[in-house]
There are 2 protein chains.
Amino acid sequence: MTDPPSDGYSLLFDVFVLGQRVRHLMAIGLADAPLRSEEYAVYSVVFEEEAVTPTAMAATLSMPLTTVADYVRLMESRGHVRRIANPRDRRSYLLVLTASGRKAHRDTNRAFERVHAAFSSAIPGGERAVRRELAKLLSAAEHASLELADART
Amino acid sequence: MTDPPSDGYSLLFDVFVLGQRVRHLMAIGLADAPLRSEEYAVYSVVFEEEAVTPTAMAATLSMPLTTVADYVRLMESRGHVRRIANPRDRRSYLLVLTASGRKAHRDTNRAFERVHAAFSSAIPGGERAVRRELAKLLSAAEHASLELADART
């Protein structure tokens, strides 16, 4: 079984272009929403987890902790998150969305649902097969990063 | 057939996280290479096409023309591309890599090939199935963008 380079471009190039296209799609779909695309991803993690540490957010988003910290500062400046004591670790804290944070997320979610419906319905055969293959790519990217990082040390 | 929300996150969230992970993987893999990840994608299009208009680059990369123009200026400032007359359209020009541009691409390609090998070999079952599903996502993102853009006008 050989890899199918239908053109001269690699699998990683395809992933890059997919990122570009989805960013464009989200920009159109969220044009009138209160949150931008990447903000919506960050808010969604706090929303889904209900109360979450910045470290756990960084893991779920595969985002550097410093970038998460920038978002947390932005969300705090908007009054969209607040800190509560972490019952499992007194040295750390948990973030929760405030009422206005939940409203920004909910108002953006309405636009996001339209984006998702348009995207999902344009996938031949539906989401199931693509999510299975995406899961392989997600895990392969993580493994390859560890392998290359090990090789450098 | 229902969609499989193994957690509360959407397919578009998975695509976002894949972009984050691949960006991280490329940053590790190209740490000592002359070009950064996104630069390598742009140089690769000029390399593969041999002579290409900025408009065609924008289409292949799914990148705004203004962003391509920024990259072209950067590449020109480094002496990595030059303009030649477009034999098919006297009002436009084609970009080609210079000798030093080809060297920067080639030196980065050595690191990229290691990234690609680590990534590809970490995909259970190999690249074929994932590239087929990626092609569906690429086309779905394009269709959904057109649909949402039409709905706004």
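Residues numbered from 1 in each chain as written. Chains lettered and ligands numbered in written order. Predicted model: local features only at pLDDT ≥ 70, side-chain atom pairs only at ≥ 80, totals over all residues.

**Some details on the overall build of chain A**
Selection rule: Helix numbering and strand numbering both begin at the N terminus, where a helix is a DSSP run of H or I of at least 4 residues and a strand a DSSP run of E of at least 2. Here exposure depends only on C-beta density: within 10 Å of a residue's C-beta, 20 or more other C-beta atoms make it buried, 12 or fewer make it exposed, and intermediate numbers make it partly exposed, the C-beta atoms being placed from the backbone.
Broken down by element type, chain A carries six helices and two strands. Along the chain direction, N to C, the helices and strands of chain A fall in the order α-α-α-α-β-β-α-α. A principal-axis box enclosing the C-alpha atoms of chain A has dimensions of 55 × 45 × 25 Å. For chain A, the residues scored as buried account for 39% of the 153 residues in total.

**Remarks on unusual backbone geometry**
Residues other than glycine seldom take positive phi values, yet E50 of chain A does so here, at roughly 75 degrees. We classify E50 of chain A as exposed; it has 10 C-beta atoms within 10 Å. In this model, S62 of chain B sits at a positive phi of 50 degrees, which is unusual for a non-glycine residue. Positionally, S62 of chain B belongs in the loop between α3 (54-61) and α4 (65-77).

**Some thoughts on the environment of F119 of chain A**
Quick note on the threshold: Residue pairs are scored as contacts if the distance between their C-beta atoms, which are placed from the backbone, is within 7 Å.
By secondary structure assignment, the location of F119 of chain A is in helix α5 (residues 99-121). Residue F119 of chain A is classed as buried on the basis of its 27 C-beta neighbours within 10 Å. For the pair F119 of chain A and V52 of chain A, spaced 67 residues apart in the sequence, the C-alpha separation amounts to 29 Å. Dropping the residues within four chain positions of it, F119 of chain A is found in contact with L25 of chain A together with L12, A140, A141 and A144 of chain B.

**Thoughts on the packing of helix α2 (residues 37-49) of chain A against α5 of chain A**
Residues and elements named next belong to chain A. Definition in use: To obtain each axis, a line is fitted to C-alpha atoms, and for helices this fit is confined to the stretch in contact; angles are then taken between N-to-C directions over 0 to 180 degrees. Oblique is the label for any angle not under 35 degrees, not over 145, and not in the 65 to 115 range, which are roughly parallel, roughly antiparallel and roughly perpendicular in turn. In a left-handed crossing the near helix is turned counterclockwise from the far helix by less than a right angle, and in a right-handed crossing that turn is clockwise.
Contact pair α2 / α5: the axes reach a minimum separation of 10 Å and the direction vectors enclose 120 degrees. The pairing of α2 with α5 is recorded here as oblique in orientation. As α2 packs across α5, the resulting crossing turns out to be left-handed. Between α2 and α5, the residues in contact are Y40, Y43, S44 and F47 and G101, A104, H105, T108 and F112, respectively.

**Quick look at the confidence of the model for chain A**
All names here are of chain A. Note the threshold: Confidence of the predictor at the level of single residues is captured by pLDDT, which takes values from 0 to 100.
Residues at a pLDDT of 70 or more form 95% of chain A, whose mean pLDDT is 93. Mean pLDDT across the elements of chain A ranges from a minimum in helix α6 (residues 127-152), with 94, to a maximum in helix α4 (residues 65-77), with 98. Below a pLDDT of 50 lies the segment residues 1-6, which in the model reaches seven contacts outside its immediate sequence neighbourhood of four places, other chains included. Among the prediction metrics, the complex's ipTM stands at 0.93, with pTM recorded as 0.92.

**Some words on the interface of chain B and chain A**
Stated precisely, the cut-off is as follows: The residue classification treats Ala, Val, Leu, Ile, Met, Phe, Trp, Tyr, Cys and Pro as nonpolar and Asp, Glu, Lys and Arg as charged. All others, Gly included, are polar.
Of the residues lining the interface, 56 residues belong to chain B; the matching set on chain A comes to 56 residues. Sort the elements by how many residues they give to the side of chain B that touches chain A and helix α6 (residues 127-152) of chain B lands first, with 19 residues. Classifying every residue of the side of chain B that touches chain A by side-chain character gives 32 nonpolar, 13 polar and eleven charged.

**A few points about the nonpolar core**
Just so we agree on the cut-off: The nonpolar core is taken to be a set of buried Ala, Val, Leu, Ile, Met, Phe, Trp, Tyr and Cys residues joined by way of C-beta atoms within 7 Å.
Membership of the largest hydrophobic core comes to 86 residues, with the highest contact counts inside it found for V115 of chain A together with V115 of chain B. Excluding its chain neighbours within four sequence positions, the residues that come into contact with V115 of chain A are L25, M26 and G29 of chain A together with L12, A144 and L148 of chain B.

**A few points about the environment of S92 of chain B**
Along the chain, S92 of chain B falls in the loop between β1 (81-85) and β2 (93-97). Ignoring sequence-local partners within four residues, the contact set of S92 of chain B consists of T53 and N86 of chain B.

**What about the packing of helix α1 (residues 11-29) of chain A against helix α1 (residues 11-29) of chain B?**
Where α1 of chain A contacts α1 of chain B, the axes come no closer than 10 Å and their chain directions differ by 130 degrees. By the angle class used here, α1 of chain A and α1 of chain B are oblique. Of the two elements, α1 of chain A crosses α1 of chain B, and the hand of that crossing is left-handed. Where α1 of chain A abuts α1 of chain B, its residues L12, V15, L18, G19 and V22 of chain A lie against L12, V15, L18, G19 and V22 of chain B. Residues belonging to the contact of α1 of chain A with α1 of chain B are distributed by class as follows: eight nonpolar, two polar and no charged.

**Overview of the relation of the copies chain B and chain A**
Counted only if it meets this: Alignment of copies: least-squares fit on C-alpha atoms of residues with pLDDT of at least 70 in both copies.
Note on the identical chains: chain B maps onto chain A by a rotation of 180 degrees and an axial translation of 0.0 Å, with an RMSD of 0.0 Å. Taken together, the rotation and translation describe the operation of a two-fold axis. Relative to the rotation axis, the C-alpha of G19 of chain B is the closest in chain B, positioned 3.0 Å from it. When the interface residues of chain B are mapped onto chain A, 100% of them again fall at the interface, so both copies present the same face.

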